[in-house]
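Residue-level structure breakdown
One-letter residues, chain by chain:
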Amino acid sequence: MRVIIEPDYEKLSLWAARYIARRMKEHERRGEKRPFVLGLPTGSSPLGTYRELIRLCRSGYISFRNIVTFNMDEYAGLPRDHEQSYWTFMHRNFFDHIDIEPENTNILDGNAADPDAECRRYEEKIASYGGIDLFLGGIGADGHIAFNEPFSSLSSRTRVKTLTYDTKVMNSRFFGGNISAVPSTALTVGVQTVMDAREVMILVNGHSKARALKHTVEDGVSQAWTCSALQMHPRSLIVCDEAACGELKVDTYKYFKDIEQANLDPSVL
Ligand code: GLP
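In this report, the structure presented in the accompanying data block is examined. (Residues numbered from 1 in each chain as written. Predicted model: local features only at pLDDT ≥ 70, side-chain atom pairs only at ≥ 80, totals over all residues. Heavy atoms only, no water.)

1. So, helix α8 (residues 250-263)
Helix length check: α8, at 14 residues, gives a terminal C-alpha distance of 20 Å against a target of 20 Å (1.5 Å per residue), a fit within 8%. Taken together, the buried positions of α8 are occupied by Thr252, Phe256 and Glu260. Take α8 and look down its axis: the buried residues cluster within an arc of 45 degrees, on one side only. Away from its buried face, by an angle of more than 90 degrees, α8 presents the exposed residues Val250, Asp251, Lys254, Asp258, Gln261 and Ala262. (Helix = DSSP H or I, 4+ residues; strand = E, 2+ residues; numbered from the N terminus. Expected span 1.5 Å × (residues − 1). Buried < 20%, exposed > 50% of the residue type's maximum accessible area, 1.4 Å probe, protein only. Arc of directions from axis to C-beta.)

Right, dumping it as structure tokens:
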């Protein structure tokens, strides 16, 4: 596991976006016919990364024409064009501003008549593209990735999950503070779906994520902190800011600062 510690949210976002852009370019240069497959999250954490990717696309440095995306999750039962659906979020904050083909974007259908069949279809579609190259994610304060709440199976696949009360409280900020307006269930990729990606990058920013970061990096692999499964991934990358490091041991912090000093190429592009 690599842990990249950037001074603040803005720099974290630039680092993440440029890393993704670099991976996209490498794929293009290899002349592969197969599209580059990106897993994508919603939430406030990726907004800065999306902004920088949009800028790089508009400047002509990268193109999304040969990119296929799969979103992590979607609320169950919210109309697709609801203000707070993840479909709306992705279009408003990312897809509407880049040159991606609409048919290359995939988001779970939270209104599917048969949600279990929808989840199976999603896994099959990911497999049909040869899997996900890079899965970008955020993290909940309780360490959840996608909507894999604490005690989700670490071998889980795309399915319907019930949201915890804590997650509903956290997400109620987007529903005018009304907890009962937050859907109680969601369709989400599983921990194993994320683990199957060739590379996973998780964005962790702010003091409120400090405990989750500590459990992800320092403590044992546990279903209580689903993000800790990434310790078992051969290419997992945590990109965090200083504020999120508040609960790390000084030695852990120093270790990653030291080792990444040699690895980091700040110019990236
Ligand atoms: C939701 C999403 C997660 C996201 C988390 C954190 O629960 N399902 O994918 O990582 O929120 O959101 P934020 O980035 O706003 O802190």
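2. So, the environment of Thr164
Positionally, Thr164 belongs in the loop between β7 (159-162) and α5 (165-171). Assessed through its relative accessible area of 26%, Thr164 is described here as partly exposed. Once the C-alpha coordinates of Thr164 and Arg80 are considered, the two residues, 84 residues apart in sequence, prove to be 22 Å apart. Beyond its immediate chain neighbours, meaning those up to four positions away, Thr164 contacts Asp142, Glu149 and Pro150. (Contact = heavy atoms within 4.5 Å.)

3. Details of the sheet that holds strand β8 (residues 185-188)
Taken in spatial order, the three strands make up an open sheet running β4-β8-β7, and their pairing is antiparallel. A single partner strand is all that each edge strand has here, and the edge strands are β4 (73-75) and β7. When strand polarity is set aside, the average angle formed by the axes of neighbouring strands in this sheet is 30 degrees. For β4 and β8, the ladder comprises three bridges, and the chain directions are antiparallel. (Pairing = 2+ DSSP bridges. Axes fitted to C-alpha atoms, helices over the stretch in contact; angles between N-to-C directions.)

4. With respect to helix α2 (residues 47-58)
The α-helix winds at 3.6 residues per turn, so residues separated by three or four positions along the chain end up facing the same way. Taking 1.5 Å as the rise per residue, α2 with twelve residues should run 16 Å; its terminal C-alpha atoms sit 16 Å apart, in good agreement. Taken together, the buried positions of α2 are Gly48, Thr49, Tyr50, Glu52, Leu53, Ile54, Leu56 and Cys57. On its buried face, α2 is in contact with α1 (9-29), β2 (36-40), α3 (86-93), β6 (134-137) and β9 (199-204).

5. Points about the sheet that holds strand β3 (residues 67-71)
Overall, parallel pairing links the seven strands, which are arranged β1-β10-β9-β6-β2-β3-β5 in an open sheet. Two strands bound the open sheet, and with one partner strand each, they are β1 (2-6) and β5 (105-106). Alignment of β2 against β6, held across two bridges, turns out to be parallel. Paired with Leu38 across the two strands is Leu134, which belongs to β6. Along the sheet, α1 makes contact with β1, β2, β3, β6, β9 and β10 (236-241), crossing β9 at roughly 165 degrees.

6. With respect to the site of the ligand
In the neighbourhood of the ligand, 13 residues make up the surrounding shell, with Ser44, Ser45, Asp73, His144 and Lys209 lying closest. For the ligand, a nitrogen atom lies 2.8 Å from a polar atom in the side chain of Asp73. One of the backbone nitrogen or oxygen atoms of Ile139 is found 3.2 Å away from an oxygen atom of the ligand. Bound to the protein, the ligand loses 96% of the 390 Å² it would expose on its own. In terms of residue class, the shell around the ligand is built from four nonpolar, six polar and three charged. (Near = heavy atom within 4 Å. Polar contact = N/O pair within 3.5 Å; in protein donor to acceptor, adjacent residues only side chain to side chain. Areas by Shrake-Rupley, 256 points an atom, 1.4 Å probe, with all protein chains shown as cover. Nonpolar A, V, L, I, M, F, W, Y, C, P; charged D, E, K, R; others polar.)

7. Describing the pattern of salt bridges
This model, assessed by the stated rule, comprises 18 salt bridges. With a closest N to O distance of 3.0 Å, Glu52 and Arg55 form a salt bridge. With Glu52 and Arg55 both in helix α2 and three residues apart, the pair spans about one turn of that helix. By relative accessible area, which is 43% here, Arg55 ends up partly exposed. Notably, a salt bridge pairs Glu123 with Arg157, separated by 3.0 Å at the nearest N-O pair. Placement of the pair is Glu123 in helix α4 (residues 115-128) and Arg157 in the loop between β6 and β7, with a sequence separation of 34 residues. Exposure remark for Glu123: the relative accessible area of 15% places this residue in the buried category. (Salt bridge = Lys/Arg side-chain N within 4 Å of Asp/Glu carboxyl O.)

8. Description of the nonpolar core
Across soluble globular proteins, you tend to see nonpolar side chains buried next to one another. Counting 39 residues, the largest nonpolar core has Phe135, Ile202, Val204, Leu213 and Cys240 as its most contacted members. Of all the secondary structure elements, the ones that give two or more residues to this core are β1, β3, α4, α6 (191-195), β9, α7 (210-217) and β10. Leaving out residues up to four positions away in the same chain, Ile202 has contacts with Gly137, Gly138, Ile139, Ile145, Cys227, Leu230, Leu237, Ile238 and Val239. In terms of nonpolar packing, the next biggest core, distinct from the first, is built from 33 residues, Ile54, Leu56, Cys57 and Val239 among them. (Core = buried A, V, L, I, M, F, W, Y, C linked by side-chain atoms within 4.5 Å.)

9. A few points about the packing of aromatic side chains
One pass over the full model with this rule turns up eleven aromatic pairs. On the basis of an interplanar angle of 10 degrees and a centroid distance of 5.2 Å, the ring pair of Trp15 and Tyr19 is categorised as stacked. Of this pair, Trp15 and Tyr19 both sit in helix α1, four residues apart, which is roughly one turn of the helix. Measuring from centroid to centroid gives 4.8 Å for Tyr75 and Tyr86, while their planes differ by 45 degrees, and the two rings are tilted. In this pair, Tyr75 is assigned in strand β4 and Tyr86 in helix α3, connecting sequence segments eleven residues apart. Judged by relative accessible area, Tyr75 falls into the buried class, the value being 1%. Among the aromatic side chains, those forming a connected cluster through ring pairs are Tyr50, Phe64, Phe94 and Phe95. The ring of Tyr61 has Lys25 lying over it, and the distance from NZ or CZ to the ring centre is 4.6 Å. (Phe/Tyr/Trp six-rings, centres within 6.5 Å; stacked < 30°, edge-to-face > 60°. Lys NZ or Arg CZ within 6 Å of the ring centre and 35° of its normal.)

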